[in-house]
Amino acid sequence: MTPGDFDLDAPLYLNVGTGPVVVPAEPDEYGTAPLFGEETPAREPGPRRTPRRTAPTEQGQLF
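Residues numbered from 1 in each chain as written. Predicted model: local features only at pLDDT ≥ 70, side-chain atom pairs only at ≥ 80, totals over all residues. Heavy atoms only, no water.

Explain the overall build of the chain to me, using residue names and the numbers behind them.
Of the regular secondary structure elements, the chain holds 0 helices and 0 strands. Expressed as a percentage of the 63 residues in the chain, the buried residues total 2%. Surface accessibility of the chain: about 7,600 Å² in total, with carbon and sulfur atoms responsible for 56%. (Helix = DSSP H or I, 4+ residues; strand = E, 2+ residues; numbered from the N terminus. Buried < 20%, exposed > 50% of the residue type's maximum accessible area, 1.4 Å probe, protein only. Areas by Shrake-Rupley, 256 points an atom, 1.4 Å probe, with all protein chains shown as cover.)

An account of a nonpolar patch on the surface is needed here, citing residue identities and associated values.
Nonpolar side chains collect at one region of the surface, where V21, V23, L35 and F36 lie side by side and expose about 500 Å² of accessible area between them. Relative accessible area serves as the criterion here: at 36%, V23 is assigned to the partly exposed category. (Patch = residues over 30% accessible without salt bridge, like charges linked within 9 Å, V, L, I, M, F, W, Y side chains within 5 Å. Salt bridge = Lys/Arg side-chain N within 4 Å of Asp/Glu carboxyl O.)

Below is the structure:
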């Protein structure tokens, strides 16, 4: 590189904050699971539903 390759009007320091940045882990538009990022908090399980009882059905003989 030569001195002519550099932009002399460019600032010496960028105005960018430092420190960690939170990257959310979200699937993409195709549903692909994220490879990295902050895990989203697990959802609390909802109320349990009791299965509806139905009358037993007769099953035919298999063989």
